[in-house]
Amino acid sequence: DVKVTQSSRYLVKRTGEKVFLECVQDMDHENMFWYRQDPGLGLRLIYFSYDVKMKEKGDIPEGYSVSREKKERFSLILESASTNQTSMYLCASFKDGLNTEAFFGQGTRLTVV
Amino acid sequence: QQQVKQSPQSLIVQKGGISIINCAYENTAFDYFPWYQQFPGKGPALLIAIRPDVSEKKEGRFTISFNKSAKQFSLHIMDSQPGDSATYFCAARGTGFQKLVFGTGTRLLVSP
């Protein structure tokens, strides 16, 4: 079974803190993604990576950065957390190729107070 | 151009009824259209997917209908069951680029 594992299910952080969200996949997938999920807005792409050390901005990258030092691990960094970054964060990965399935982690519910 | 528009935002269907969720896209480079199902507290999981060279794909009670000329596709859930109550997302991706673009989601409630 493919597994995408996010390091935390729930996080509470203070405004201005630097926050790290970690994601690990065990199926040698080239492509990894970070989305945030908010009611009525669906899944919005923050950043994605198609190879080690490669990253691309998604639709809402402001206030976020990412790191991919190893193929299996993709980290999302909130440089200075703000209350409007309170959300559900979802990591996903899929293999290169036609019509390959994307697999999601269970999500991290982040609350910034 | 990267958007996928999904409707309705929420849907209540009686047990045994048909649930229909619609999506529309603009980017003609999209060539893979998956639907994802998400239960509370879980990440989305692939339900069914279609390519635009077919007009319909059926897996059990779930069917995708695809209209290439209208740039629309829809999910039909036949004989809807309370266990189908979840949030459903349509998505789209194109050959040659890795972004998987999602619709805004539909919250389905199937009443017993």
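Up top you'll find the structure we're talking about.
Residues numbered from 1 in each chain as written. Chains lettered and ligands numbered in written order. Predicted model: local features only at pLDDT ≥ 70, side-chain atom pairs only at ≥ 80, totals over all residues. Heavy atoms only, no water.

*Asks:* Just to check I follow, could you spell out the interface of chain B and chain A for this structure?
*Replies:* A common measure of how large an interface is: the accessible area buried when the components associate. Contact with chain B, which involves 20 residues of that partner, is made by 24 residues of chain A. Along the contact surface separating chain B from chain A lie one salt bridge. Linking chain B to chain A there are seven residue pairs in polar contact (both at pLDDT 80 or more). For the side of chain B that touches chain A, the element with the most residues is strand β4 (residues 30–38) of chain B, which contributes four residues. Class assignment of the residues belonging to the side of chain B that touches chain A gives a composition of seven nonpolar, eight polar and five charged. (Contact = heavy atoms within 4.5 Å. Salt bridge = Lys/Arg side-chain N within 4 Å of Asp/Glu carboxyl O. Polar contact = N/O pair within 3.5 Å; in protein donor to acceptor, adjacent residues only side chain to side chain. Helix = DSSP H or I, 4+ residues; strand = E, 2+ residues; numbered from the N terminus. Nonpolar A, V, L, I, M, F, W, Y, C, P; charged D, E, K, R; others polar.)

*Asks:* I would appreciate a short explanation of the sheet that holds strand β1 (residues 4–6) of chain A in the present structure.
*Replies:* Within a sheet, each strand pairs with its neighbour through backbone hydrogen bonds, oriented either parallel or antiparallel. Residues and elements named next belong to chain A. The strand order β1-β3-β8-β7 describes an open sheet built from four strands, whose pairing is antiparallel. Edge positions in the sheet fall to β1 and β7 (64–70), since each of these pairs with one other strand and no more. Adjacent strand axes in the sheet meet at a mean angle of 20°, parallel and antiparallel pairs treated alike. Note that β7 and strand β8 (residues 73–78) share five bridges and pair antiparallel. Residue pairing for β8: Tyr64 is matched across the bridge by Leu78. (Pairing = 2+ DSSP bridges. Axes fitted to C-alpha atoms, helices over the stretch in contact; angles between N-to-C directions.)

*Asks:* I keep staring at the state of the cysteines and nothing clicks. Help me out?
*Replies:* Taken as a whole and assessed by the stated rule, the structure comprises two disulfides over all chains. A disulfide bridge connects Cys23 of chain A with Cys91 of chain A, and the sulfur atoms are separated by 1.9 Å. Disulfide Cys23 of chain A-Cys91 of chain A: torsion about the S-S bond near -75°, hence left-handed. In this pair, Cys23 of chain A is assigned in strand β3 (residues 19–25) and Cys91 of chain A in strand β9 (residues 87–94), connecting sequence segments 68 residues apart. Residue pairing for Cys23 of chain B: its cysteine sulfur links by disulfide to Cys90 of chain B, the two sulfurs lying 1.9 Å apart. For the disulfide bridge between Cys23 of chain B and Cys90 of chain B, the dihedral angle about the S-S bond is near -95°, and by the sign convention the bridge is left-handed. (Disulfide = S-S within 2.5 Å.)

*Asks:* Mind showing me how you'd approach a nonpolar patch on the surface here?
*Replies:* Residues and elements named next belong to chain B. Side chains of Ile18, Ile20 and Met78 sit close together on the surface and give an oily, nonpolar patch of about 240 Å² of accessible area. Along the chain, Met78 falls in the loop between β8 (72–77) and β9 (86–94). Using a relative accessible area of 35% as the deciding quantity, one classes Met78 as partly exposed. (Patch = residues over 30% accessible without salt bridge, like charges linked within 9 Å, V, L, I, M, F, W, Y side chains within 5 Å. Areas by Shrake-Rupley, 256 points an atom, 1.4 Å probe, with all protein chains shown as cover. Buried < 20%, exposed > 50% of the residue type's maximum accessible area, 1.4 Å probe, protein only.)

*Asks:* Mind showing me how you'd approach unusual backbone geometry here?
*Replies:* That bond from Ser7 of chain B to Pro8 of chain B is cis: its omega, -5°, falls within 30 degrees of zero. Along the chain, Pro8 of chain B falls in the loop between β1 (4–7) and β2 (10–14). Unusually for a residue other than glycine, Lys53 of chain A sits at a positive phi of about 65°. Here Lys53 of chain A is to be found in the loop between β5 (42–49) and β6 (56–57). You will see that Asp79 of chain B, though not glycine, has its phi angle at about 45°, which is positive. When you line up the elements, Asp79 of chain B lands in the loop between β8 and β9. We classify Asp79 of chain B as partly exposed; its relative accessible area is 41%.

*Asks:* Mind showing me how you'd approach the pattern of salt bridges here?
*Replies:* Should their charged atoms come close, side chains of opposite charge can pair. This structure, assessed with the given rule, holds 12 salt bridges over all chains. The salt bridge involving Asp38 of chain A is made with Arg44 of chain A; its shortest N-O contact spans 2.8 Å. Note on Asp38 of chain A: relative accessible area 12%, which makes it buried. Residue Glu59 of chain B pairs with Lys57 of chain B through a salt bridge whose shortest N-O separation is 3.7 Å. It is possible to trace a salt-bridge network through shared partners that takes in Asp28, Glu30, Lys71 and Lys95 of chain A.

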